[in-house]
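Structural description and commentary
Given next are the chains, with one letter for each unit.
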Amino acid sequence: MAKLVISRLLAALSVLFFASLIAFVLLRVSPGDPARQVLGPQASAQAVAELRSEMGLDQSLPQQYVTYVSDLVRGDLGTSWRTRVPVAEELSNRIPATIELAVTAMLLSIALAIPIGVLSAGRRRSIDRISRAGAIIGLGTPPFWLGLVLILVFFTWLGIAPAPFGRLDEGLAPPSEVTGFLLVDSLLAGDFAVFSNALAHLALPAITLALPLAAYLSRIVRRSTIDVYRLDYIRTARAKGAGERRVLFRHALPNALLPVLTLSTLYFGELLAGSLLVEAVFNWPGIGGWVAQSIVAQDFAPVQAVILMGALVYTTLSAMTDVLYGVADPRIRTART
Amino acid sequence: MTSEQPERRDGDEAAPAVGRTLLSVDDLRVEFGSPQRPIHAVRGVSFDVRAGEVVALVGESGSGKTVSALALLGLLPRGARTTMASGTLEGIDLTGVGDDELRHLRGATAGMIFQDPLSSLNPVKRVGDQIVEAIALHEKGAGRKAARARALELLEQVGIPDAGRRIDEYPHQFSGGMRQRAMIAMALAAAPTLLIADEPTTALDVTVQAQILELIQRLQRDLEMGVLLITHDLGVVSRVADRVIVMYAGRIVEAGATEEVLRQPRHHYTAGLLRSLPRLDLPRGGAPVPISGSAPQPEDVVPGCAFAPRCPSAVERCAERPPLEPSGERWLACWEPATGTALDAVAGGEADAAGAAVVPAAPAPAAASAPPALAVERLQVIYGGGRRGLRRRPSAGVRAVDGVDLSIAPGTTLGLVGESGCGKTTLGSAILQLVRPTAGTVAVGGEQLVGRGDKQLRPLRRRFQIVFQDPAASLTPRHRIERVLSEPLELHGLVRSEAERRARVIELLELVGLGERFADRLPHELSGGQRQRVGIARALAVEPELIVLDESVSALDVSVQAQVLALLERLQDELGLAYLFISHDLAVIRHIADEVAVMYLGRIVERGPSEQIYRAPRHPYTAALLSAVPVPDVERERERERIVLLGDPPSPASPPGGCAFHTRCWLRERLGNPERCVAERPELAHLGGEADHRAACHFSDEQAAHLPRTDAVTAREGRAA
């Protein structure tokens with residue numbers, strides 16, 4: 001077990017190293033001048049050159065990288081050139097919003113995908129046809145466009161969704177911060193008005209993120225359910241006299257959902273990538289919108305920090321999946337001990 | 001199809017233990033596919049099973065035997081259409097039964113076990129929980145605790161050692177035999193009166209098969225169950241079945257008391273099946289006689305007798321379907337029944353075959369100077385050995401092959417037998433350098449293979465080839481046969497022009513008994529036997545000296561298996577090939593091999609001329625293997641005193657010390673468990689005498705005195721002589 005943990009850690013460290021390197025190099029070789037971006041088109045060439053040297057951009061790439069890494073090791077993620085706010089501070093303010101959105105979207109997409117997948121694996125062809133058409137549309141639709149359509153329908157036309165700005169209505173005071181997740185904090189404070197308002201704000205962006213993934217996942221669940229139903233132990237369960245409901249819930253699903261678990265890492269990465277645009281569309285005060293603006297402004301520090309964080313989340317999740325897989329599948333659990 | 005009258009069979013009331021009718025079915029038919037182009041899996045089958053009897057449903061793949069049983073319990077996949085004139089299970093009418101009632105019949109009235117116990121058990125649920133579920137489904141009142149206690153009792157009843165611990169393990173932690181025992185426990189959970197066993201021992205090793213058959217028989221007697229046994233193995237039938245029903249192409253062709261049917265088959269299919277079986281209980285030399293051609297496909301329309309195209313005694317009338325009619329205790333669907341006994345049939349076959357196949361006498365002694373086709377010395381394959389992990393701790397690894405010496409003379413066959421996990425396939429792979437040996441040497445035709453790099457090895461690969469077990473999986477599905485056969489020719493630069501290549505492909509196809517017309521076909525358009533012929537042709541393409549046949553006929557039906565065996569023998573005679581024939585099937589090995597090597601846990605425990613090993617085995621393991629194989633002769637099976645080995649083969653990861661076989665050895669037990677077997681590993685020693693017969697046993701001289709008196713081979717040979 002210790003061996004497994006150590007090799008996992010080494011792998012994670014190397015992933016982080018390469019991610020930081022790639023982020024660093026890509027940003028610096030892309031065209032444009034951050035100093036010019038900060039000072040605007042009117043600034044003099046001399047002012048720009050002074051700022052460049054202040055930013056350290058006049059040093060060679062390896063030198064810059066060494067500075068960056070040594071700051072990083074000391075826990076300094078840098079400061080945004082655009083807002084002058086330390087990246088670490090901004091990040092910790094914004095992370096809860098993004099995680100709240102991503103987790104909600106993930107749960108929503110799983111909740112949609114499993115029943116749809118199982119039903120389309122079933123006897124009725126019509127259900128499968130509808131879900132397949134839905135999946136093709138869901139997968140072919142760009143998330144930001146879907147977000148715009150949802151805003152148009154539910155906010156502009158029907159007026160049942162709140163305005164797509166932020167996590168709460170303007171006038172509402174956020175609950176005292178415990179976890180940073182509004183849904184949790186408002187419940188802890190017993191403030192149901194804030195809770196329902198936060199939920200309403202969360203609904204559209206979460207749906208926007210969840211639908212394409214649900215479309216994808218439902219097809220996987222369908223395929224894997226069909227495959228499991230062909231296996232001998234399903235026949236054994238029936239031969240014992242188990243009813244169809246029991247065959248499905250006790251015998252088929254626990255096996256059919258294993259591949260879904262394997263894909264969940266990949267899947268969460270998709271969610272984070274998707275949140276970039278969706279947060280921008282809904283003006284969600286999370287990391288996605290922030291990093292999107294930072295990219296446009298050539299604000300290096302936030303972008304580097306977010307890429308590094310993404311890599312960290314990704315490696316952690318994939319390690320967690322391995323552990324979870326062991327819990328779900330006794331063949332792996334006992335092979336390890 | 002209306003011409004066939006459904007029959008009711010009420011005969012065979014003889015056996016006293018046989019009681020009331022448990023299962024009765026009349027004119028069962030099963031179709032798959034669209035109604036416009038139906039696939040007839042079962043074309044009108046009627047039979048009964050009564051309490052206290054074992055009825056065997058016998059047939060080759062596609063005969064409809066399994067489908068019939070599954071159809072009765074509503075276990076067929078969707079899309080199957082089942083009809084029957086009438087059907088009852090414990091007095092309940094199966095024709096009008098609702099889904100819920102049928103569901104309750106499954107398990108409570110009829111328990112089922114299947115061929116592959118690993119895939120038939122749910123991998124993510126504990127064995128105990130799966131049995132508890134089967135109990136709880138039918139005894140609603142049973143508390144969790146009571147059900148668990150009952151499950152434990154069942155596991156003990158089916159002979160699971162240390163059941164109290166095992167009950168909480170998962171299926172993958174069980175050995176094959178124990179899994180099948182657990183399946184049986186589950187099938188018995190709700191105390192059914194009928195047990196349906198679908199090929200229950202086909203996936204098991206022969207020594208484990210003997211245990212499971214004994215268990216089924218014991219439970220059947222103790223619980224007075226009826227058993228419907230579905231199998232392709234006539235040996236298994238003769239060991240356990242009271243009555244046998246022979247199916248061919250979805251219909252019953254013959255039925256009756258097992259002893260009668262096997263001794264005196266009246267239908268030519270039954271007779272042909274018996275004749276095509278390589279047998280342990282008859283003198284060697286009588287080659288199995290294949291049934292020519294192959295069985296009709298379920299989608300074919302068969303107007304007359306389905307067997308007529310393959311039948312040696314077909315007459316004009318066979319274009320009309322013979323009804324299944326009673327004659328005394330027997331039921332038969334044939335216009336021109338066979339006469340004589342099964343042994344006559346075999347003897348007749350011998351006479352037929354004598355012209356074509358020369359009885360393989362002693363192998364033609366090769367010139368003394370010629371190097372052996374294969375010479376293996378001290379070959380060792382260790383998986384996962386060496387220093388591993390961060391702290392580089394040395395690990396012993398798994399000794400899959402542990403110091404094996406073999407040699408095969410040009411133009412002869414060495415049969416390698418052993419149970420699953422003994423390392424025989426690894427040995428084959430190591431010889432072919434598909435797995436690199438850890439130590440030892442392998443020489444093909446005098447050329448040393450071990451230690452050569454991939455590039456140096458490539459030109460030598462021409463000289464040794466392999467034919468795999470699964471002919472379907474070893475052919476790329478999208479490659480036409482011509483391409484399959486051209487590839488080795490081109491890789492080794494054996495043809496210079498397009499015309500030459502085409503000519504060689506056709507020559508190869510003809511060599512294996514296929515014709516030019518097969519060149520443009522895809523693998524899925526061929527039958528199993530034809531695919532295996534292609535596999536052989538592919539191996540022959542590069543004109544090798546040695547072919548490794550790894551279970552190459554095991555996946556084939558016996559009638560087709562006999563065809564392929566005959567082909568292999570002919571090719572050996574014509575081309576002077578040497579074969580390493582790896583198989584778990586002792587009867588096949590006996591038939592084809594000149595020399596035999598028996599493998600147990602990575603080592604050869606006995607080696608010698610085939611004739612000697614089968615007549616007088618000198619290692620207790622060989623004797624036990626031979627004793628475990630059931631033969632298709634009821635009288636013989638009844639008379640035999642069998643050696644039944646206990647337990648399963650130990651894991652090769654931790655073989656027992658001393659003689660690896662000592663944990664299961666029956667001889668050691670009879671000798672009063674001498675300490676030497678545990679302390680000292682016996683060498684593979686020459687036994688004296690002219691032939692090179694070796695055995696790795698400290699007490700090989702004492703075995704003869706302790707062997708069961710009437711064993712299959714020796715007894716029959718005495719009588720025949």
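Residues numbered from 1 in each chain as written. Chains lettered and ligands numbered in written order. Predicted model: local features only at pLDDT ≥ 70, side-chain atom pairs only at ≥ 80, totals over all residues. Heavy atoms only, no water.

In terms of regular secondary structure, chain A is built from 15 helices and 0 strands. Principal axes of the C-alpha set define a box for chain A whose edges measure 85 × 55 × 40 Å. About 17,600 Å² of surface is accessible on chain A, with carbon and sulfur atoms providing 68% of the total. Averaging the coordinates of the 28 positive side-chain charges in chain A and doing the same for the 23 negative ones gives two points 19 Å apart. (Helix = DSSP H or I, 4+ residues; strand = E, 2+ residues; numbered from the N terminus. Areas by Shrake-Rupley, 256 points an atom, 1.4 Å probe, with all protein chains shown as cover. Lys, Arg positive; Asp, Glu negative; His and termini not counted. Charge placed at Lys NZ, Arg CZ, Asp CG, Glu CD.)

Attention now moves to the sheet that holds strand β18 (residues 413-417) of chain B. Residue and element names in this part refer to chain B. Spatial ordering of the open sheet is given by β21-β22-β23-β18-β24-β25-β27-β26, a layout of 8 strands whose pairing is mixed. If you trace the sheet from one side to the other, it starts and ends with β21 (464-467) and β26 (685-686), each paired once. Judged from the 2 bridges that link them, strand β25 (residues 603-609) and strand β27 (residues 694-695) form a sheet pairing that is antiparallel. Its bridge partner being in β27, E606 is matched across the sheet by A695. Most of the contacts of helix α17 (residues 528-540) go to β21, to which it runs at about 170°, and overall it touches β21 and β22 (546-550). (Pairing = 2+ DSSP bridges. Contact = heavy atoms within 4.5 Å. Axes fitted to C-alpha atoms, helices over the stretch in contact; angles between N-to-C directions.)

Residue and element names in this part refer to chain B. As assigned here, chain B comprises domain 1 (11-109 + 192-359), domain 2 (362-553 + 565-584) and domain 3 (601-721). The C-alpha-based centres of domain 2 and domain 3 are spaced at 29 Å. On the domain 3 side, the residues contacting the 13 residues of domain 2 number 12 residues. For the pair domain 2 and domain 3, the summed buried area comes to about 1,000 Å², and 53% of that belongs to carbon and sulfur atoms. The largest share of the area that domain 2 buries against domain 3 comes from V398, D402 and E419, three residues that together contribute 40% of it. Taken together, the links from domain 2 to domain 3 amount to 3 salt bridges. Ionic pairing is found between D402 and R603, a salt bridge with its closest N-O pair at 3.7 Å. Linking domain 2 with domain 3 are 4 residue pairs in polar contact (both at pLDDT 80 or more), by the criterion used here. By residue number, the principal contributor to the side of domain 2 that touches domain 3 is strand β17 (residues 398-408), which donates 8 residues. (Domains from an automatic or database assignment. Buried area = accessible area lost by both parts, 1.4 Å probe. Salt bridge = Lys/Arg side-chain N within 4 Å of Asp/Glu carboxyl O. Polar contact = N/O pair within 3.5 Å; in protein donor to acceptor, adjacent residues only side chain to side chain.)

Our next topic: the packing of helix α5 (residues 87-121) of chain A against helix α13 (residues 287-296) of chain A. Residue and element names in this part refer to chain A. Relative to each other, α5 and α13 sit at 135°, their axes nearing to 8 Å. Taken together, the axis directions place α5 and α13 in an arrangement best described as oblique. In contact with V87, E90, L91, R94, I95 and T98 of α5, α13 contributes I287, G288 and W290. For the contact of α5 with α13, the per-class residue count stands at 5 nonpolar, 2 polar and 2 charged. (Parallel < 35°, antiparallel > 145°, perpendicular 65-115°, else oblique. Nonpolar A, V, L, I, M, F, W, Y, C, P; charged D, E, K, R; others polar.)

Now for the pattern of salt bridges. Residue and element names in this part refer to chain B. Counted by the stated rule, this structure contains 58 salt bridges over all chains. Its salt-bridge partner being R463, residue E447 comes within 3.7 Å of it at the nearest N-O pair. Linking E447 in strand β20 (residues 447-448) with R463 in the loop between α14 (454-460) and β21, this pair joins segments that are 16 residues apart in sequence. Salt bridges sharing common partners tie together E482, E490, E498, R501, R502 and E516.

Residue-level contacts link 30 residues of chain B with 27 residues of chain A. The largest per-residue losses of area from chain B upon contact with chain A belong to R78, V124 and E133 of chain B, which jointly make up 23% of the total buried on that side. At the junction of chain B and chain A, the tally comes to 2 salt bridges. Between E133 of chain B and K240 of chain A there is a salt bridge whose closest N-O contact spans 2.7 Å. At the junction of chain B and chain A, the tally comes to 13 residue pairs in polar contact (both at pLDDT 80 or more).

Attention now goes to the state of the cysteines. This model, assessed by the stated rule, comprises 0 disulfides over all chains. There is no disulfide at C334 of chain B, and the cysteine sulfur nearest it, in C311 of chain B, is 6.2 Å away. (Disulfide = S-S within 2.5 Å.)

Moving on to a positive patch on the surface. A surface patch of like charges, here positive, comprises R123, R125 and R129 of chain A together with R78 of chain B. Mapping R125 of chain A onto the fold places it in helix α6 (residues 125-140). When its relative accessible area of 62% is taken as the criterion, R125 of chain A is described as exposed. (Patch = residues over 30% accessible without salt bridge, like charges linked within 9 Å, V, L, I, M, F, W, Y side chains within 5 Å. Buried < 20%, exposed > 50% of the residue type's maximum accessible area, 1.4 Å probe, protein only.)

Where empty space is left can be seen by rolling a probe of water-molecule size over the atoms. All names here are of chain B. Taken as a whole, this structure holds 8 cavities of 30 Å³ or more when the rule is applied. Taken together, 13 residues make up the lining of the second largest cavity; nearest its centre are P620, C659, C665, C677 and C697. In terms of residue class, the lining of the second largest cavity is made up of 9 nonpolar, 3 polar and 1 charged. (1 Å grid on protein atoms, 1.4 Å probe; cavity = no way out; pocket = protein on both sides within 12 Å on 5 of 7 lines; lining within 4 Å. Points joined across faces, edges and corners; volume = space filled by probe spheres on them.)

All names here are of chain A. Together, F17, F18, I22, V25, L26, V29 and L61 make up a nonpolar patch on the protein surface, roughly 650 Å² of accessible area in all. The greatest single-element share of the nonpolar patch, amounting to 6 residues, is contributed by helix α1 (residues 2-29). In this structure, F18 sits in helix α1. Among the residues examined, F18 registers a relative accessible area of 48% and is labelled partly exposed.

The nonpolar side chains of a soluble globular protein tend to be buried, and buried together. L23, F47, I131 and I184 of chain B are the most contacted members of the largest nonpolar core, which totals 110 residues. Ranked by residue count, the leading element in this core is helix α7 (residues 176-187) of chain B, at 7 residues. (Core = buried A, V, L, I, M, F, W, Y, C linked by side-chain atoms within 4.5 Å.)

Before going further, it helps to spend a moment on the side chain of R501 of chain B. Here R501 of chain B shows up in helix α16 (residues 498-511). Leave out the neighbours within four places in its chain, and R501 of chain B touches E482, S486, L489, E490 and V495 of chain B.

Another aspect to go through is the UniProt feature "domain: ABC transporter" (unreviewed entry) in chain B. Per the UniProt entry, the sites bearing "domain: ABC transporter" (unreviewed entry) are residues 23-274 and 376-626 of chain B in this numbering. Secondary structure content for residues 23-274 of chain B is 40% helix and 25% strand, and the end C-alpha separation is 28 Å. (UniProt positions renumbered as here; feature names shortened; annotations may be inferred.)

Residues and elements named next belong to chain A. The N-to-C vectors of helix α7 (residues 143-157) and helix α9 (residues 192-229) enclose an angle of 140°; their axes lie 9 Å apart at closest approach. Of the possible angle classes, the one that applies to α7 and α9 is oblique. Regarding α7 and α9, the two cross each other, and that crossing is right-handed. Side by side, α7 and α9 meet where P143, L146, G147, L150, I151 and F154 of the first sit next to L204, I207, T208, L211 and P212 of the second. For the contact of α7 with α9, the residue count by class is 9 nonpolar, 2 polar and no charged. (Left-handed = near helix turned anticlockwise from the far one by under 90°.)

Turning next to the UniProt feature "domain: ABC transmembrane type-1" (unreviewed entry) in chain A. Mapped onto this numbering, the UniProt entry gives "domain: ABC transmembrane type-1" (unreviewed entry) at residues 95-325 of chain A. The span residues 95-325 of chain A carries 81% helix and 0% strand; its end-to-end C-alpha distance comes to 27 Å.

Another point: the packing of aromatic side chains. Describing an aromatic ring pair means giving the distance of the ring centres and the angle of the ring planes. Residues and elements named next belong to chain B. In this structure the tally under the stated criterion is 11 aromatic pairs over all chains. Ring centres of Y248 and F307 lie 5.2 Å apart, and the angle between their planes is 90°; this geometry places the pair in the edge-to-face category. Linking Y248 in strand β10 (residues 243-248) with F307 in the loop between α11 (268-276) and β12 (325-327), this pair joins segments that are 59 residues apart in sequence. We classify Y248 as buried; its relative accessible area is 3%. A relative accessible area of 2% means that F307 is categorised as buried. Pairing Y600 with Y621 gives two aromatic rings, centres 4.5 Å apart and planes at 55°, and the pair type is tilted. (Phe/Tyr/Trp six-rings, centres within 6.5 Å; stacked < 30°, edge-to-face > 60°.)

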